[in-house]
Amino acid sequence: MGFLDALLGRKHAPMIGLDISSSSVKLVELSQTATGDYVLERFAIEPFEKGWIADGQIEKFDEVAAAVKRVVSKSGTKTKQVVMAMPQSAVITKKIMLPSGLREEEMELQVETEANQYIPFSLDEVSLDFCVIGPSPTSAGDVEVLIAASRRDRVQDRQALAEAAGLKPAVLDIESHASRLAMSRVITALPNEGRDALVALFEIGADTTSLKVLRDDEMLYDRDQAFGGSQLTQLISRQYGFSFEEAEAKKLSGDLPEDYATAILAPFVDSLSQEIGRALQYFFTSSPHHKVHYVMLAGGTATLPGLKERVTDLTGFASSVVNPFDQMQFGPSVRESRVRREAPSYLTACGLAMRRFLQ
């Protein structure tokens with residue numbers, strides 16, 4: 001820890017979380033006070049053009065790298081250490097049981113042997129990692145170990161993006177783990193610290209919406225559906241003759257013709273709410289549960305006017321928009337009005353930046 005951090009009462013040096021999705025790169029820089037409070041130092045977003053990233057695969061490396069560079073300089077950060085994530089689809093994870101008391105190198109050998117059985121390509125092409133979750137709930141004397149494996153070229157692509165922007169990759173996480181980590185803070189702020197509450201989290205991305213049902217630290221359900229915010233952009237583009245990029249920019253700035261709210265927005269909010277209702281029904285039919293306590297919406301599309309009210313009407317469950325920066329202190333370069341408007345987009349980036357403080 002540097003002299004300045006000690007002087008300012010910071011517990012750790014700051015850390016950047018960098019979330020690279022199909023539509024944009026989002027940056028969050030967090031630090032922590034000596035008393036353990038999070039401080040949001042900076043946040044920034046830079047859009048991608050359609051097709052730069054498809055199915056989690058970087059198709060236009062130079063263009064994405066240039067956008068990452070822009071988001072770093074736009075944020076004004078001087079921090080170099082960064083936590084990034086792989087998309088869930090690019091990572092194979094598996095829980096295994098191993099005898100407790102193994103030395104690190106013995107555990108590594110066991111993990112490799114296990115990994116060989118379920119990874120569909122040669123271990124030479126794979127980046128493999130594991131962590132001990134804790135004592136096994138079912139067999140005494142064993143520990144539960146989570147193995148994560150991804151193709152080495154996919155991992156190297158992510159690292160190379162950071163390095164091209166002058167950053168040093170410290171940790172490579174999995175996107176869904178990062179959003180769950182940020183959510184754990186949001187959930188503990190609920191009545192009774194969110195204990196035993198069933199929380200349905202909808203992360204509305206550009207092309208995909210994922211529903212995760214969480215209870216305490218457990219994920220009960222995880223399912224993706226092919227609908228998202230880019231469908232609204234396409235409707236705007238078709239209705240008014242804008243290019244996709246123009247439509248996206250006007251959607252974000254609100255610079256749209258007068259009939260937009262009734263002709264485009266209201267029908268879209270309605271069909272998105274119905275998709276959310278359907279996704280909940282799938283969960284109820286495939287589980288013993290028939291209700292959730294909270295519906296939470298994340299992603300840039302979550303802040304659409306009228307969406308949370310429509311979801312509440314249609315599903316009968318209280319619906320709210322996630323703010324991962326709630327109860328955080330703000331650094332001098334953070335504008336509160338922007339936080340309120342954009343916070344739901346930064347759930348994963350926030351979870352990534354939090355990793356530093358949980359080591």
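In what follows, the accompanying structure is described. (Residues numbered from 1 in each chain as written. Predicted model: local features only at pLDDT ≥ 70, side-chain atom pairs only at ≥ 80, totals over all residues. Heavy atoms only, no water.)

## Some words on helix α9 (residues 307-315)
So, point 1. Along α9, the residues that are buried comprise L307, V311 and T315. Here the buried residues of α9 occupy an arc of 50° about the axis, which is enough to place them on one side.
So, point 2. At its buried positions, α9 is contacted by β11 (198-204), α8 (260-285), β14 (294-298) and β15 (319-321).
So, point 3. Phi for G316, located one or two positions after α9, is positive at around 85°. (Buried < 20%, exposed > 50% of the residue type's maximum accessible area, 1.4 Å probe, protein only. Helix = DSSP H or I, 4+ residues; strand = E, 2+ residues; numbered from the N terminus. Arc of directions from axis to C-beta. Contact = heavy atoms within 4.5 Å.)

## Points about the nonpolar core
Generally speaking, nonpolar side chains in soluble globular proteins are found buried as a group.
So, point 1. Core analysis: the largest hydrophobic core is formed by 33 residues, its most contacted members being F202, I236, V292 and V295.
So, point 2. At the level of secondary structure, the elements contributing two or more residues to this core comprise β11, β12 (209-215), α6 (230-240), α8, β14 and α9.
So, point 3. Setting aside residues up to four positions removed in sequence, V295 forms contacts with A200, F202, L280, V311, F317, A318, S319 and S320.
So, point 4. In this structure, L214, M328, A343 and F357 belong to the second largest nonpolar core, which totals 30 residues. (Core = buried A, V, L, I, M, F, W, Y, C linked by side-chain atoms within 4.5 Å.)

## Considerations on the sheet that holds β14
So, point 1. Taken in spatial order, the 5 strands make up an open sheet running β13-β12-β11-β14-β15, and their pairing is mixed. Each edge of the open sheet carries a strand with a single partner, namely β13 (218-225) and β15. In this sheet, neighbouring strand axes are inclined to one another by 20° on average, regardless of whether the strands run parallel or antiparallel.
So, point 2. The pairing of β11 with β12 spans 7 bridges and is classified as antiparallel. The partner of E203 across the bridge, within β12, is S210.
So, point 3. Packing against the sheet, α9 makes contact with β11, β14 and β15, and its axis sits at approximately 160° to β15. (Pairing = 2+ DSSP bridges. Axes fitted to C-alpha atoms, helices over the stretch in contact; angles between N-to-C directions.)

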